[in-house]
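These are the residues of each chain, in order.
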Amino acid sequence: MEREKRTRARRTGPARISSKNQVTLPAAVLRKLGLHAGDSVDITEDDGQIIIRRHRSRLDGVVGTIPGFAEAVDVEASRESWG
């Protein structure tokens, strides 16, 4: 187990910026943070450091608190009930 920790630590070393301005983030870090391909992140700069944070919509805290807010709506069924 000790050896496994050292191996993972070495893999989080320097990264390079590609010609398309892309950087590959270490898989172990992404797993630890629960981030997956396609997830949105916010990238900012603070005092010369790049900060990457999971994107949080202003609605994240609301989803699930209002009945029907996060549920899919069957538009055709709704139209039939109006008529």
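Residues numbered from 1 in each chain as written. Predicted model: local features only at pLDDT ≥ 70, side-chain atom pairs only at ≥ 80, totals over all residues. Heavy atoms only, no water.

### Section: the overall build of the chain
- A tally of regular secondary structure across the chain gives 3 helices and 2 strands.
- For the chain, the proportion of contacts with a sequence separation of at least 24, taken over those separated by at least 6, is 3%.
- For the chain, the exposed surface amounts to about 8,200 Å²; the carbon and sulfur share of it is 52%. (Helix = DSSP H or I, 4+ residues; strand = E, 2+ residues; numbered from the N terminus. Contact = heavy atoms within 4.5 Å. Areas by Shrake-Rupley, 256 points an atom, 1.4 Å probe, with all protein chains shown as cover.)

### Re the environment of leucine 30
- Note that leucine 30 resides in helix 2 (residues 27-33).
- Relative accessible area serves as the criterion here: at 25%, leucine 30 is assigned to the partly exposed category.
- Setting aside chain neighbours within four positions, we find leucine 30 in contact with Leu25 and Leu35. (Buried < 20%, exposed > 50% of the residue type's maximum accessible area, 1.4 Å probe, protein only.)

### Concerning unusual backbone geometry
- In this model, asparagine 21 sits at a positive phi of 60°, which is unusual for a non-glycine residue.
- Relative to the elements of secondary structure, asparagine 21 occurs in the loop between helix 1 (2-10) and helix 2.
- Residue asparagine 21 is classed as exposed on the basis of its relative accessible area, which comes to 68%.
- The residue aspartate 47 is not glycine, and still its phi comes out positive at about 55°.
- Secondary-structure assignment places aspartate 47 in the loop between strand 1 (41-46) and strand 2 (49-54).
- You can call aspartate 47 exposed: its relative accessible area is 76%.

### Details of the pairing of strand 1
- Where strand 1 and strand 2 come together, 6 bridges link them in antiparallel fashion. Along strand 2, the bridge assignment pairs threonine 44 with isoleucine 51.
- Connecting the antiparallel pair strand 1 and strand 2 is a turn made up of 2 residues, with aspartate 47 showing a positive phi of about 55°. (Pairing = 2+ DSSP bridges.)

### Considerations on the confidence of the model for the chain
- The share of residues in the chain with pLDDT of 70 or more is 66%, and the mean pLDDT across the chain is 78.
- When pLDDT is averaged over each helix and strand of the chain, the minimum, 51, is found for helix 1 and the maximum, 94, for strand 1. (pLDDT = per-residue confidence, 0-100.)

### Brief notes about a nonpolar patch on the surface
- Together, Ile17, Val23, Leu25, Val41, Ile43, Ile50 and Ile52 make up a nonpolar patch on the protein surface, roughly 660 Å² of accessible area in all.
- The set of elements that each furnish at least two residues to the nonpolar patch consists of strand 1 and strand 2.
- Relative to the helices and strands, leucine 25 resides in the loop between helix 1 and helix 2.
- A relative accessible area of 38% places leucine 25 in the partly exposed class. (Patch = residues over 30% accessible without salt bridge, like charges linked within 9 Å, V, L, I, M, F, W, Y side chains within 5 Å. Salt bridge = Lys/Arg side-chain N within 4 Å of Asp/Glu carboxyl O.)

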